[in-house]
Amino acid sequence: MKHRPAVLLFLGGALAAACGRGAEASARLRVGHFPNVTHAHALLGHRASRRGEGWFEARLEPGTTVEWLVFNAGPSAMEALLAGTIDLAYVGPNPALNAHLRTGGEEVRVIAGATNGGSGLIVRADGPIRTPLDFWGRRLGTPQFGNTQDVAARAWLTAQGFRVRPTGGEVLVVPTAIPDQQALFEKGDLDAVWTVEPWLSRLEREAGGRLFLEEKDAVTTVLVASARLLRERRPIARAWLRAHADLTRWMGEHRDEMRAALREELEAETTRPIGAGLLEASLERLRFVDDPPRGGFERFVRAAQEAGFLEGPADLSRLVEDVGEDPR
């Protein structure tokens with residue numbers, strides 16, 4: 001009995017520490033994105049956080065910190081979301097769809113749109129590819145196996161009549177980290193690249209590329225939340241969504257400021273310069289939105305089925321969620 005006060009003191013301290021860790025976790029929001037113009041909302045938010053200006057932080061509950069994590073492509077970002085490493089992600093629709101279906105619709109929710117357009121297929125301007133049939137035996141680069149552009153490329157090639165396998169086939173699809181695509185394209189190790197801005201315009205302007213196919217109206221980037229975040233911290237997701245919508249309006253009303261900020265952040269994240277003309281060419285292909293693409297995912301289901309990533313029917317009834325509503 002004489003040791004009980006010490007035990008109680010220890011337990012009390014442990015409980016206080018646990019509560020402190022919980023409070024610390026609840027005050028932190030971890031957000032993933034890519035260093036692409038198609039992730040402009042996140043680029044602007046990341047820059048504001050880096051400069052201590054905090055666009056999102058200013059609109060969240062006081063004391064909330066935002067931790068930004070940069071990924072190369074969607075599948076790795078979705079793995080982080082499913083592992084609990086991040087809470088929100090700006091990501092392409094195909095990785096979001098795949099992660100949703102892999103988890104039986106339990107773990108991933110699309111809560112907003114972000115960017116439409118800005119993706120396409122580039123070939124060498126002086127190369128032999130002039131028609132779809134000319135892709136036979138060629139090497140086509142995509143950002144990552146299973147990402148939105150990778151699925152789009154494989155589905156398109158299949159629709160042209162080519163046999164395309166995960167490795168090999170009549171056209172070799174080569175998942176290649178975006179920063180490496182230009183060098184491989186310039187060396188001739190890639191005959192074509194399916195990618196997103198600003199890399200689409202960079203290949204076109206700096207690497208002797210020619211635009212072969214443009215996805216003008218495609219959903220390129222969406223905002224995804226973990227189902228756990230929506231269950232346990234729904235108010236912070238609502239606040240983020242309001243800040244996201246505010247930023248979409250700001251981007252439309254302050255184009256010059258947006259260009260300068262995007263250029264600065266892209267150079268910081270990619271460690272390479274981006275010319276004003278290149279950035280403007282990229283932005284001309286993009287449309288920034290915040291409404292979720294409720295009817296757009298059927299197209300991605302068909303592409304995933306055609307590319308062999310998905311078999312059978314897909315239940316999308318819980319993929320897009322209205323954060324303003326309580327599903328319970």
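Look up: the structure comes first, before these words.
Conventions adopted
Residues numbered from 1 in each chain as written. Predicted model: local features only at pLDDT ≥ 70, side-chain atom pairs only at ≥ 80, totals over all residues. Heavy atoms only, no water. Helix = DSSP H or I, 4+ residues; strand = E, 2+ residues; numbered from the N terminus. Rg over C-alpha atoms; globule rule 2.2 N^0.38 Å. Buried < 20%, exposed > 50% of the residue type's maximum accessible area, 1.4 Å probe, protein only. Phe/Tyr/Trp six-rings, centres within 6.5 Å; stacked < 30°, edge-to-face > 60°. Polar contact = N/O pair within 3.5 Å; in protein donor to acceptor, adjacent residues only side chain to side chain. Contact = heavy atoms within 4.5 Å. Axes fitted to C-alpha atoms, helices over the stretch in contact; angles between N-to-C directions. Parallel < 35°, antiparallel > 145°, perpendicular 65-115°, else oblique. Left-handed = near helix turned anticlockwise from the far one by under 90°. Nonpolar A, V, L, I, M, F, W, Y, C, P; charged D, E, K, R; others polar. Salt bridge = Lys/Arg side-chain N within 4 Å of Asp/Glu carboxyl O.

Novice: Provide a residue-level description of the overall build of the chain, including the pertinent values.
Specialist: Within the chain one finds twelve helices and eleven strands. A compact globule built from 328 residues would reach a C-alpha radius of gyration of about 20 Å, and the chain, at 22 Å, matches this within 12%. Here the C-alpha coordinates of the chain stretch approximately 85 × 45 × 35 Å along the principal axes. A burial count over the chain gives 52% of its 328 residues as buried.

Novice: Break down the packing of aromatic side chains for me, with residues and values.
Specialist: Tallied over the full model, the rule gives eight aromatic pairs. A centroid spacing of 5.3 Å and a plane angle of 80° characterise the contact between phenylalanine 135 and phenylalanine 212, whose relative ring orientation is edge-to-face. Residue phenylalanine 135 is located in the loop between strand 5 (119-124) and strand 6 (139-142), and its partner phenylalanine 212 is located in strand 9 (residues 209-215); the two are separated by 77 residues in the primary sequence. When its relative accessible area of 21% is taken as the criterion, phenylalanine 212 is described as partly exposed. Taking the centre distance of 6.1 Å and the plane angle of 65° together, the rings of tryptophan 156 and tryptophan 194 count as edge-to-face.

Novice: Give a description of the side chain of threonine 221 that names residues and reports values.
Specialist: With respect to the secondary-structure elements, threonine 221 resides in strand 10 (residues 219-226). Residue classification places threonine 221 among the buried residues on the basis of a relative accessible area of 1%. Reaching out from threonine 221, the side chain makes a polar contact with the backbone oxygen of threonine 38 at a distance of 2.9 Å. Here threonine 221 is in contact with Thr38, His39, Tyr90, Val91, Pro93, Gly113, Ala114 and Thr115, once residues within four sequence places are set aside.

Novice: Can you lay out the packing of helix 10 (residues 255-270) against helix 11 (residues 276-283) for me, pointing to particular residues and giving the numbers?
Specialist: Running from N to C, helix 10 and helix 11 point in directions that differ by 115°, and their axes come no closer than 11 Å. With respect to helix 11, the axis of helix 10 lies roughly perpendicular. Considering the relative orientation of helix 10 and helix 11, their crossing is right-handed. Listed contacts from helix 11 to Arg255, Met258, Arg259, Leu262, Arg263 and Leu266 of helix 10 are Ala276, Leu279, Glu280 and Leu283. The residue makeup of the contact of helix 10 with helix 11, split by class, is six nonpolar, no polar and four charged.

Novice: Can you lay out the pattern of salt bridges for me, pointing to particular residues and giving the numbers?
Specialist: By the definition in use, this model includes 25 salt bridges. The salt bridge partner of arginine 51 is glutamate 264, with a shortest N-O separation of 3.5 Å. A residue pair is termed long-range when its members are at least 10 positions apart, and arginine 51 in the loop between helix 2 (40-50) and strand 2 (65-70) and glutamate 264 in helix 10 qualify at 213 residues. We classify glutamate 264 as partly exposed; its relative accessible area is 36%. Of the charged contacts, one joins glutamate 267 and arginine 263 as a salt bridge, the two residues approaching to 3.7 Å between their closest N and O atoms. Here glutamate 267 and its partner arginine 263 are both found in helix 10, four residues apart, which amounts to about one turn of the helix. Judged by its relative accessible area of 34%, arginine 263 is partly exposed. Linked through salt bridges whose partners overlap, the residues forming this network are Arg47, Arg51, Glu53 and Glu264.

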